[in-house]
Every structure is written in structure tokens, then in C-alpha cells.
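Coordinate inspection notes
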Amino acid sequence: MKTPTLLLSLLALTLCARADLTEEQRRIPLEAESPDPKLAKIVLIAGSVSNKTGQHEYFAGCAMMMDWLKQTPGVWPVLVAEGWPKNEAILDGAKAIVVYADGGVKLPFLEPARWAHMKKLMDAGTGFVMLHQAVNTPEDRAEEMKSWLGAAFTKDIGCRGHWDMEFSDFPPHPITRGVAAFAAPLDGWLYNLHFAQGATPLLSGAVPDKSRSSADAKDHNGRPEVIAWAYERANGGRSFAYTGCDLHRNWQVESQRRLVTNGILWTAKMEVPQAGAPVTFNPTALTTNLDYKPAPAKPAAAKEPAAAPAQ
């Protein structure tokens, strides 16, 4: 006979189980509080299942970021699944919050109580990182998002698409330490955002002019476009964003891993090593913790018309 304590434990595990997680993903501890308040707690919020296999692998990407952050002493990374913590208290005391998720109307903290919780964190100076589509902001929230992140992508001027990009010119900044020239083949990008005064461009590159879908963007044909930046808020909080990392395979690029890891550490007000953050990588990580995304059903084959009856 099970003891009441065991029954309660089993019930808690059941309630905490995430329906969309695979068996492999469930082996990773979620929302695990730091055992030592001296450690810098960094919360990584992975969005819900999205897009095709190999794209928008938010959970797998955050799981890898956990591994890279653990390579810096004094850091306690926390993984949150499906866009928002079951226990919101896990956000309390975080040095930085990282959001890797869909944006626009799918941004996981648009619900008023969640937005208010994020505002409280931003007002307290918590570090803030947004990756890929998370920078896409509904227009009625754009001004506030811009004050938090240093920029907001909105459909009035923003553009997006997939193409190769190469980066070789990096301004001096703690986030660019140890970042060497790199290419991100056929990744997904968002650009031409509304930027706040004081936002610091970190990565800029050429985009196909045919991708310029807004009138504002078309007025700037040939202009290098900013796809990563840093921002120091008036209250001392720090923010970083990178609109790439759509394709999961591009995490194998060391400079992309280092740029993002440096950015997270910088927002948490941790010292970024002069050579950049350590980001040792096992290539097998690219095939672990992927979301379950069923292949789209193939259309049924057209039936041959019935033969006409013999005359």
C-alpha cells in the first residue's frame, strides 16, 4: 500500500508533467530552483511546439543553452517549458530571463497577468533576452516592449525571411568577445525593427532587397540590417536580442553559440571572459530533446474514374 506522502508525490509529478513533452525531454529537470542563492539564476523559457522538425526547436535549444551556461562558474540555469512556468515563483530572483518562443499573438506572456509579472521583473532591472520570433510584438504592446528590449518588431515596417548571412565586423562590446567571423546558412531573420534610442547594434548584414516587404524597408535598399543588439535600460537593467536561430542546425556554429551565451551572461551582469564564454559542444546534442512534430499527412491519391459500362 502506497503511503500518503508517496501518493502526493506521484500526484505532483502528474500535475507537473507537460503534455507536449517527449519522454526524452521529461528527463530534464524543469523549474529546478537554485540550491544556493549566491548562484546567478538564469531562467530559460522555451516556447511550445512550433513549425517543422529542425526549426523553432525551442526546448532543445534551451536545453543546449543550459549546458553552455553551466560551463561558466557561478551560474544556475533553469529550464521552463511550454512558454511559461507552472510555478511563477521560479522567476523571482532571476538575474536574467531568456525567451525563445513564437512571437506576435503567440508571444507566451501576452496574457495580462503574465505581462504584469514581466513588467515587474523589468522594473526591478532583471536581465532580458529575446531570441528569434519572440521579438515580434503586437502593436499595442510595442512601445513598452521597446522600453524593455531596446527594439520591437511590428508588421508596419518589419520584414522577415530565410537566406544566408555572413558576419565579420563586430563592435567592441562584452557580448562580442571571442566571436569570430561566421556564416549562418539559410537561417530565418527578422529585421527593420523600431529601435529605442541607445540600442547598440552588434550584428548587421546584407539582406536580399526582394525581402523588403514594407514601404519603410524599401526606402533603404542596400542598407545593412541589424539582427542583434544590446540595450541598457534607464533603471540599469540590460537586454540582448538576436533574431536568427530559426534553424536548429546552426547552433553548431561556435560563434553563434558564443554570441548568445555572452549576451545572456551580460544581461545577468556577469563578467564575460575576454575570450568569450566557454561553449563546448557535442554534435549529438543537435539530435536530442527535439519536439515531436508529426509529418504532415500526404494528400490522398486521386481515384481513377470508373470505367464506362460496356455498350
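Below or above, wherever it landed, is the structure these notes cover. (Residues numbered from 1 in each chain as written. Predicted model: local features only at pLDDT ≥ 70, side-chain atom pairs only at ≥ 80, totals over all residues. Heavy atoms only, no water.)

Below, the discussion takes up the pairing of strand β10 (residues 225–232). For a regular strand, side chains alternate in direction, first toward one face of the sheet and then toward the other. The buried fraction of β10 is high, at seven of eight residues. Taken together, the five bridges between strand β9 (residues 200–205) and β10 define a ladder with antiparallel strand orientation. Paired with Pro-201 across the strands is Trp-229, a residue of β10. In the sheet, β10 pairs with strand β11 (residues 238–242) via five bridges, with the strands oriented antiparallel. Paired with Ala-228 across the bridge in β11 is Tyr-242. Here β10 folds back onto β11, and the loop between the two strands holds five residues, one of which, Gly-236, carries a positive phi near 95°. (Buried < 20%, exposed > 50% of the residue type's maximum accessible area, 1.4 Å probe, protein only. Helix = DSSP H or I, 4+ residues; strand = E, 2+ residues; numbered from the N terminus. Pairing = 2+ DSSP bridges.)

Quick look at the sheet that holds strand β3 (residues 96–100) now. In spatial order, the strands read β2-β1-β3-β4-β11-β10-β9; together these seven strands make up an open sheet with mixed pairing. Each of the sheet's edge strands pairs with one partner strand only, and the pair in question is β2 (75–80) and β9. Taken over all neighbouring pairs, the strand axes of this sheet differ in orientation by 15° on average, direction set aside. (Axes fitted to C-alpha atoms, helices over the stretch in contact; angles between N-to-C directions.)

Attention now goes to the packing of helix α3 (residues 112–123) against helix α4 (residues 142–149). For the pair α3 and α4, the least separation of the axes is 11 Å and the interaxial angle reads 35°. The hand of the α3/α4 crossing is left-handed. Counted together, Trp-115, Met-118, Lys-119 and Met-122 of α3 and Glu-144, Met-145 and Trp-148 of α4 form the full contact between these two elements. Of the residues in the contact of α3 with α4, the class split is five nonpolar, no polar and two charged. (Left-handed = near helix turned anticlockwise from the far one by under 90°. Contact = heavy atoms within 4.5 Å. Nonpolar A, V, L, I, M, F, W, Y, C, P; charged D, E, K, R; others polar.)

What follows concerns empty space enclosed by the protein. Tallying each qualifying case throughout the model produces one cavity of 30 Å³ or more. There is about 50 Å³ of room inside the largest cavity. Lining the largest cavity are Asp-20, Leu-21, Gln-25, Gly-47, Ser-48, Val-49, Phe-59, Glu-82 and Asp-291. Taken together, the residues of the lining of the largest cavity break down into three nonpolar, three polar and three charged. (1 Å grid on protein atoms, 1.4 Å probe; cavity = no way out; pocket = protein on both sides within 12 Å on 5 of 7 lines; lining within 4 Å. Points joined across faces, edges and corners; volume = space filled by probe spheres on them.)

Right, let's talk about the packing of helix α2 (residues 58–70) against helix α6 (residues 254–267) for a bit. Look at α2 against α6: their axes get within 10 Å of each other, and the N-to-C directions meet at 70°. Judged on the interaxial angle alone, α6 and α2 are roughly perpendicular. Like other packed secondary-structure pairs, α2 and α6 cross with a definite hand, here right-handed. In this structure, α2 contributes Met-65, Trp-68 and Leu-69 to the contact, and α6 contributes Arg-257, Val-260, Thr-261, Ile-264 and Leu-265. Counted by class, the contact of α2 with α6 contains six nonpolar, one polar and one charged residues. (Parallel < 35°, antiparallel > 145°, perpendicular 65-115°, else oblique.)

Along strand β1 (residues 40–46), seven of the seven residues are buried, which leaves the element largely enclosed by surrounding structure. Residues Ala-40, Ile-42, Leu-44 and Ala-46 of β1 are buried on one face, and the alternating residues Lys-41, Val-43 and Ile-45, pointing to the opposite face, are buried as well. In the sheet, β1 pairs with β2 via six bridges, with the strands oriented parallel. Along β2, the bridge assignment pairs Ile-45 with Val-80. For the crossover that starts at β1, traverses α2 and ends in the parallel β2, the hand is right-handed. Inspection of the sheet shows β1 paired to β3 by five bridges, in the parallel sense. Bridging from a neighbouring strand, Ala-46 pairs with Tyr-100 of β3. (Right-handed = clockwise from strand over helix to strand, strands pointing away.)

By themselves, these observations are geometric and do not establish any function.
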